Amino acid sequence: MRELIDRAMNEVAEIYPRFTAVLINAPTGMGKTYNSHVPFLKFHDRGLVRGFIYVAPMRALVRQQVRNFIERLSGFSVAYQSMDINLKVEVGGGEVTVVKNPMLSSDVNVSTIDSFMFNLMRMPVELLNRPVKWRYMTYRSYIFTSYVFLDEVHLLVEGSEGSKTPLAALLLGLRELVISHTPTVIASATLGEKRIRCLATGNCGKQVATYAKAVKGRIKVFKLGNEDSSSCSSDYCVGTVRDRDWEAVTNNQRFIFEEVNESDVQKIVNDYSGGILIIRNTVRDAVSTYKRVSNLFGRNDVALLHGKLDEVDRDVNARNMSNARVVIGTDAIGVGVHLEHANVLIMDVPPSIDVFIQRVGRICRDLERNENNDCRVYVIKGRDNEDLPKYYVDLRDKLGSFNWRLPYDCCDRKGYEKLIDDYTEISKPDIVTYQDLDRLLEPLIFDQKGLRDKYRDHCNLVRDSILIRGVTDVGEENALVYSLPLSMDDVITLIKDYIDKINLAAYTLDFSNLSLRRVSIDEQVRNEIFEILKHGDCNAYFEANSKLINYMEEKVGSSRGFEVYWGIDVSRLYERGLGLVI
């Protein structure tokens, strides 16, 4: 274990409850995610926690972490919570079916950030669309009696997308964890000083007073620096660790950058015999690249992974990824994924410096055994009329002068942390959202109608939290597994551009025998539902959902004894093995 990670992970339990939350800002490849379970074992041995909740930044990371924890935490039950219905992972040469647990009540739980935040905010994701009482206190109790690891938290803090709601929700969620004395680790590689200060003090361009008061003196920051030191202000404490071995091995690496045309990609793959990672900005470009490369080198040698694969293809492609020489995808593989064998990266210019650092950090990660210190990054030139982000325009001729695994200047090379502060505007949280959600958490008991109304107001609490199932095989045996999550933006695109190739897919799940039955939808109802969904907001989803459930109950009888599942039939658009390209 690297020196910074070793100290931070082992101190989490030692400094609790003086510090409830620990923020670890460490470079990619240092082992934050790999060692996320270490504090749990210490807390559990002392009887201080019931369970462990690992919060994944992206849905694509859930499967990998479930497999890791099954292998490394034998004796503990491991479960997951995401949109997947039938999650299977390969462990020790065999296949293991993993239990889905929306309550996060198992010993070890891997959850998407969406599910975790809704459970924390008294709006259990499992019950959002069900006409039953929300047993929200039960769900929250399982969080408050666990150790929580929030991974790649910069994805919620960054302001590049212009949304202020995720940061407001994150701050409120952290406040709830701190005041409930829930031991928590917050991890990232690319926060920068301004955003560390935002999370540690609530000073995020504007002061969030109730957050600042709640977390004052309760968060400790661990980061890499050019000297060992420990300091405290009136607001938070910082432990800086100098890892001379990390300095040495990362400064031995040479990141060599070259701009290339898209037509050069096949030649690069052909000329280089080692592992190659290709990250494109869009699913369409990733699939196009995969088709060209796999046609030349065969599908056994090339793997594809992105966010628009259904559960079956994602299973198959994820298994292929560990053995493939070339891995192609979007940032669904650019966050939290460890590819030991890849020394070459081919990528588009990402929109922000955060993502640039994350992508570059995905290659040359086997620092101890890697005898070749040349890490080659080929940047695909944009189209002639494409505007490049300011950071890239300013740095494109200086990229080789940085150590992309060291945040501070050292050994005649520049660190990357100053770039984050220079080229990233700190996102100001939506104070109205923060205060509105805060009022939701104040009463000891909250009425059910009030909760549902609040959920309608904030259904996209974190990213695109409203997801509609895209069904890629409408057969009754396969519908829930052959499916993928669609955001409301995806749905709008499908209705606008592909209306003649999509349909509604609706089913009832019989509780008595767990059988799935497809229910045909009249064309008039189909058109009405699509017309509603075109509006693309939270209320549109709930109106469509209510209308469709009422229609199905009239058609098949009372909802007692079965549950309604519905989604959009994209089987005519979906390409098996490649995904949904729209």
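Report on the accompanying structure. Just so we're clear, the structure is a prediction, and the values are computed from it rather than from any experiment. (Residues numbered from 1 in each chain as written. Predicted model: local features only at pLDDT ≥ 70, side-chain atom pairs only at ≥ 80, totals over all residues. Heavy atoms only, no water.)

## A look at the sheet that holds strand 7 (residues 108-112)
Our working definition: Criterion used throughout: strands pair if DSSP finds at least two bridges between them. Secondary structure elements are taken from DSSP: a helix is a run of H or I of four residues or more, a strand is a run of E of two residues or more, and numbering for both begins at the N terminus.
In space, the ten strands of this open sheet follow the order 6-3-7-2-8-9-1-10-12-11, with mixed pairing throughout. Because the sheet does not close on itself, it has two edges, and the strands there are strand 6 (99-100) and strand 11 (229-232). Looking at chain direction, strand 10 (residues 219-224) and strand 12 (residues 237-241) are connected through five bridges and run parallel. What sits directly across from K223, in strand 12, is T240.

## Structural notes on the packing of helix 4 (residues 113-120) against helix 7 (residues 165-179)
The following threshold applies: A fitted line through C-alpha atoms serves as each axis, taken over the contacting stretch for helices, and the angle formed by two N-to-C directions is quoted from 0 to 180°. Geometric relationships in this document are graded by angle, where less than 35 degrees denotes roughly parallel, more than 145 denotes roughly antiparallel, 65 to 115 denotes roughly perpendicular, and other angles denote oblique. Working rule for handedness: look at the near helix, and if it is turned counterclockwise from the far one by less than a right angle, call the crossing left-handed; if clockwise, right-handed. Should any heavy atoms of two residues lie within 4.5 Å, those residues are counted as being in contact. Nonpolar residues are Ala, Val, Leu, Ile, Met, Phe, Trp, Tyr, Cys and Pro. Charged residues are Asp, Glu, Lys and Arg, and all others, Gly as well, are polar.
Two numbers describe how helix 4 lies on helix 7: the axes approach to 10 Å, and their chain directions differ by 60°. Between helix 4 and helix 7, the angle falls in the class oblique. Every pair of crossing elements has a handedness; the one defined by helix 4 and helix 7 is left-handed. Every residue of helix 7 that contacts helix 4 at F116, M117 and L120 is listed here: A169, L170, G173, E176 and L177. By residue class, the composition of the contact of helix 4 with helix 7 is six nonpolar, one polar and one charged.

## Things to note about the side chain of Q266
In this structure, Q266 sits in helix 11 (residues 265-271). When sequence neighbours within four positions are dropped, the list of residues in contact with Q266 reads R292, L296 and F297.

## Focus: helix 4
Because each turn of an α-helix spans 3.6 residues, side chains separated by three or four positions in sequence point in the same direction. The condition that has to hold: Think of it in three bands: with a 1.4 Å probe and only protein chains considered, a residue is buried below 20% of the maximum accessible area for its type, exposed above 50%, and partly exposed in between.
Helix 4 sits mainly inside the fold: eight of its eight residues count as buried. Count one or two residues on from helix 4 and you reach R122, which has phi positive near 70°.

## Considerations on the state of the cysteines
The cut-off we apply is this: Two cysteine sulfurs form a disulfide in these notes if their separation is within 2.5 Å.
Here the structure, examined in full by the defined rule, presents three disulfides. Note on cysteine connectivity: C198 is disulfide-linked to C204, with sulfurs 2.0 Å apart. Residues C198 and C204 are joined through a disulfide that is right-handed, its torsion about the S-S bond being 85°. You can call C198 buried: its relative accessible area is 0%. Across the disulfide, C232 is cross-linked to C237 (sulfur-sulfur distance 2.0 Å). One quick way to see it: the torsion about the S-S bond of C232 and C237 is about 110°, and its sign makes the bridge right-handed. Overall, the relative accessible area of 55% leaves C232 in the exposed class.

## Some thoughts on the pattern of salt bridges
In plain terms, the rule: A side-chain nitrogen of Lys or Arg and a carboxyl oxygen of Asp or Glu constitute a salt bridge if their distance falls within 4 Å.
As enumerated under the stated definition, the model contains 29 salt bridges in all. When the shortest N-O distance is used, the salt bridge between D394 and K390 registers 2.6 Å. Placement of both D394 and K390 in helix 15 (residues 390-395) is noted, with a separation of four residues, approximately one turn of the helix. Judged by relative accessible area, which is 57%, K390 ranks as exposed. Here K534 ties to E531 by a salt bridge, and the two come within 3.6 Å at their closest N and O atoms. It is possible to trace a salt-bridge network through shared partners that takes in E262, R280, D285, R292 and D348.

## Quick look at the packing of helix 1 (residues 3-14) against helix 2 (residues 38-45)
Contact pair helix 1 / helix 2: the axes reach a minimum separation of 8 Å and the direction vectors enclose 25°. When the axis of helix 1 is compared with that of helix 2, the two are roughly parallel. Helix-helix and strand crossings are classified by hand; for helix 1 and helix 2 the assignment is right-handed. The segment helix 1 lies against helix 2, with M9, N10, V12 and A13 engaging V38, P39, K42 and F43. Considering only residue class, the contact of helix 1 with helix 2 consists of six nonpolar, one polar and one charged.

## Topic: the packing of aromatic side chains
Put simply, the rule reads: Stacked, tilted and edge-to-face are the three classes applied to pairs of Phe, Tyr and Trp rings, where Trp contributes its six-membered ring and a pair requires centres within 6.5 Å; stacked means planes under 30 degrees apart, edge-to-face means over 60, and tilted covers the rest. Over a ring means this: the NZ of a Lys or the CZ of an Arg is within 6 Å of the ring centre and within 35 degrees of the ring normal.
The full count for this structure, using the stated rule, is 16 aromatic pairs. Ring centres of Y541 and W566 lie 6.3 Å apart, and the angle between their planes is 20°; this geometry places the pair in the stacked category. Here the residue Y541 occupies a position in helix 21 (residues 538-556), and W566 occupies one in strand 23 (residues 562-569), the gap between them amounting to 25 residues. Accessibility expressed as a relative area gives 6% for Y541, which makes it buried. Through pairs of rings, three or more aromatic residues link up here, namely Y16, F40, F43, F52, Y54, F69, F76, Y147 and F149. Here the basic side chain of R18 rests over the ring of F19, its NZ or CZ set 4.3 Å away from the ring centre. One residue, R325, lies across the ring of F297, its end atom 5.7 Å from the ring centre.

## Examining the pairing of strand 18 (residues 374-380)
Summarising burial for strand 18: five of the seven residues are buried, a large majority. Pairing geometry for strand 17 (residues 342-347) and strand 18, over four bridges, is parallel. By the bridge assignment, L345 is partnered in strand 18 with V377.

## Comments concerning the environment of T165
Relative to the assigned elements, T165 resides in helix 7. Sequence-wise, T165 and P429 are 264 residues apart; in three dimensions their C-alpha atoms are separated by 6.5 Å. Discounting chain neighbours no more than four positions away, the residues touching T165 are D430, T433, N460 and L461.

## Observations regarding the sheet that holds strand 13 (residues 254-260)
Here we have six strands laid out as an open sheet, ordered 13-18-17-14-16-15, and parallel in their pairing. Of all strands in the sheet, those with a lone pairing partner are strand 13 and strand 15 (302-305), marking the two edges. Each adjacent strand pair in this sheet contributes to an overall mean axis angle of 20°, direction not counted. Bridge count between strand 14 (residues 275-279) and strand 17: five bridges; the pairing is parallel. Each residue of the ladder has a partner; that of I279, found in strand 17, is M347. Strand contacts of helix 12 (residues 283-297): strand 14, strand 15 and strand 16 (326-329), with the helix running at about 165° to strand 15, the strand carrying the most contacts. Relative to strand 17, helix 14 (residues 353-360) is tilted by about 150°, and along the sheet it contacts strand 13, strand 14 and strand 17.

## Observations regarding a negative patch on the surface
Applied cut-off: By definition, no residue in a patch forms a salt bridge, and every one has over 30% relative accessible area; like charges are joined within 9 Å, nonpolar side chains (Val, Leu, Ile, Met, Phe, Trp, Tyr) within 5 Å. Areas reported here follow the Shrake-Rupley algorithm with a probe of radius 1.4 Å; residue values treat only the protein chains shown as occluding. Within this scheme the basic residues Lys and Arg register as positive and the acidic residues Asp and Glu register as negative, but His and the chain ends are omitted. Working definition for charges: the position is that of NZ of Lys, CZ of Arg, CG of Asp or CD of Glu.
A contiguous patch of negative charge on the surface is contributed by E3, D6, E227 and D228. Checked against the element boundaries, E3 lands in helix 1.

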